[in-house]
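Okay, here's what each chain looks like letter by letter:
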Amino acid sequence: RVECDTGESRKAQVCSPSWLWKGFPNVAKISLNTAAGSECVHELIKVLDTFILSSDLAEFWERLELVIAFANEVEHRCHVENSTLSPLGFMLKSLVDYYSRFSQFLGQTKENLREPIAAKIKEEVKIAKWDEQSYYALAETSEKNHRKLLKFLRDYDEVLD
């Protein structure tokens, strides 16, 4: 199950799986001294890895931030409760460090994909006329420009997917 906080656009939604926070008390009870506990931790790392890998370009940083918060929570619990979860904390930090390496490249890719669409929008703004005198002509021009801008936004949404 996924819980979403809606932002200004549907692509800006930050989706947080409920198991990430609701399941934490169960993670805190894992004993890494047993084979079952080690297997459980291995599965958790695989799930978090898939969680980041399955994100699209728009959601990558938000998902990485969620995993960072989860790793910080595990690390904090290890220090406060003298828990046996230190290896899990190290694995989570390692996962975060690995994916953080791609942040700059993905940010540059996102910017390169955005630039042509931004240029089209700037060109459209230069062309748009707002000097009509009648209300109906102004409303029609406004509607036409609105449709063009929405087309550019749809193009940007497709690029982010």
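Since we're looking at a predicted model, the values are computed, not measured.

Rules of the game
- Residues numbered from 1 in each chain as written.
- Predicted model: local features only at pLDDT ≥ 70, side-chain atom pairs only at ≥ 80, totals over all residues.
- Heavy atoms only, no water.
- Helix = DSSP H or I, 4+ residues; strand = E, 2+ residues; numbered from the N terminus.
- Contact = heavy atoms within 4.5 Å.
- Areas by Shrake-Rupley, 256 points an atom, 1.4 Å probe, with all protein chains shown as cover.
- Core = buried A, V, L, I, M, F, W, Y, C linked by side-chain atoms within 4.5 Å.
- Buried < 20%, exposed > 50% of the residue type's maximum accessible area, 1.4 Å probe, protein only.
- Salt bridge = Lys/Arg side-chain N within 4 Å of Asp/Glu carboxyl O.
- Expected span 1.5 Å × (residues − 1).
- Phe/Tyr/Trp six-rings, centres within 6.5 Å; stacked < 30°, edge-to-face > 60°.
- Polar contact = N/O pair within 3.5 Å; in protein donor to acceptor, adjacent residues only side chain to side chain.
- pLDDT = per-residue confidence, 0-100.
- Axes fitted to C-alpha atoms, helices over the stretch in contact; angles between N-to-C directions.
- Parallel < 35°, antiparallel > 145°, perpendicular 65-115°, else oblique.
- Left-handed = near helix turned anticlockwise from the far one by under 90°.
- Nonpolar A, V, L, I, M, F, W, Y, C, P; charged D, E, K, R; others polar.

Visitor: Looking at this model, I keep getting lost on the overall build of the chain. Mind explaining?
Guide: In terms of regular secondary structure, the chain is built from seven helices and two strands. Order of helices (α) and strands (β) in the chain, N terminus to C terminus: β-β-α-α-α-α-α-α-α. Of all intrachain contacts in the chain linking residues separated by at least 6 positions in sequence, the fraction that spans at least 24 positions is 59%. Accessible surface, the chain as shown: approximately 10,800 Å² in total, 56% of it carbon and sulfur.

Visitor: Looking at this model, I keep getting lost on the nonpolar core. Mind explaining?
Guide: Across soluble globular proteins, nonpolar side chains have a tendency to be buried as a group. If you look at the biggest cluster of nonpolar residues, it comprises 26 residues, and the most contacted ones within it are Leu48, Val67, Leu88 and Leu92. Those elements that place two or more of their residues in this core are helix H3 (35–53), helix H4 (60–81), helix H5 (86–100), helix H6 (103–127) and helix H7 (135–160). If you tally residues by element for this core, the top one is H4, at eight residues.

Visitor: Honestly, the pattern of salt bridges in this entry has me stumped. Any pointers?
Guide: A side chain of one charge can pair with a side chain of the opposite charge when the charged atoms of the two come close. Scanning all chains against the criterion turns up six salt bridges. The residue Glu75 makes a salt bridge to Lys93 at a minimum N-O spacing of 3.8 Å. Taken together, the residues span a long stretch of sequence, with Glu75 in helix H4 and Lys93 in helix H5 at a distance of 18 residues. For Glu75, a relative accessible area of 32% translates into the label partly exposed.

Visitor: Is there a simple way to think about H7 in this case?
Guide: For an α-helix the count is 3.6 residues per turn, leaving residues at separations of three or four pointing the same way. The first and last C-alpha atoms of H7 sit 37 Å apart over 26 residues, in line with the 38 Å expected at 1.5 Å per residue. Residues Thr141, Asn145, Phe152, Tyr156, Asp157 and Leu160 constitute the buried set of H7.

Visitor: Before we go on, may I ask you to explain the packing of aromatic side chains in this structure?
Guide: How two aromatic rings sit relative to each other is given by the distance of their centres and the angle of their planes. Scanning the entire structure with this criterion turns up four aromatic pairs. Ring geometry for Tyr99 against Phe102: centres 6.3 Å apart, planes inclined by 50 degrees, an arrangement best described as tilted. Judged by its relative accessible area of 6%, Tyr99 falls in the buried class.

Visitor: Help me understand the environment of Arg63, please; the structure alone is not making it clear to me.
Guide: Structurally, the position occupied by Arg63 is in helix H4. Distance in space between the C-alpha atoms of Arg63 and Phe51 is 7.5 Å, their sequence separation being twelve residues. Excluding residues that lie within four positions of it along the chain, Arg63 makes contacts with Phe51, Ser54 and Ser55. Here Phe51 takes part through its backbone oxygen, which lies 2.7 Å from a polar atom of the side chain of Arg63. One polar contact links Arg63 to Ser54, side chain to side chain, over a distance of 3.0 Å.

Visitor: Is there a simple way to think about the confidence of the model for the chain in this case?
Guide: Any segment with low pLDDT has predicted coordinates that should not be analysed in fine detail. Confidence in the prediction of the chain, expressed as mean pLDDT, is 76, and 70% of residues score 70 or more. Confidence, expressed as mean pLDDT per element, reaches its minimum in the chain at strand E1 (residues 2–5) with 42 and its maximum at H5 with 87. For the stretch residues 1–13, pLDDT sits under 50, and the model shows 24 contacts to residues farther than four places along the chain or on other chains.

Visitor: It is not clear to me how the side chain of Ser55 should be interpreted in this structure. Could you clarify?
Guide: Relative to the helices and strands, Ser55 resides in the loop between H3 and H4. Note on Ser55: relative accessible area 14%, which makes it buried. From its side chain, Ser55 meets the backbone oxygen of Ile52 in a polar contact 2.8 Å long. Apart from the residues lying within four places of it in its own chain, the contact partners of Ser55 are Phe60 and Arg63.

Visitor: Even after reading the chapter, I still don't get the packing of H4 against H5, so can you show me in this structure?
Guide: Each packed pair of helices is defined by two parameters, the angle between the axes and the distance between the axes. Two elements in contact, H4 and H5, have axes separated by 9 Å at closest approach and are oriented at 155 degrees. By the angle class used here, H4 and H5 are roughly antiparallel. Seen from above, H4 lies across H5 with left-handed handedness. Each of Phe60, Leu64, Val67, Ile68, Phe70, Ala71, Asn72, Val74, Glu75 and Cys78 in H4 lies in contact with H5, whose residues at this interface are Ser86, Leu88, Gly89, Leu92, Lys93, Leu95, Val96, Tyr99 and Ser100. Here the residues of the contact of H4 with H5 sort into 13 nonpolar, four polar and two charged.

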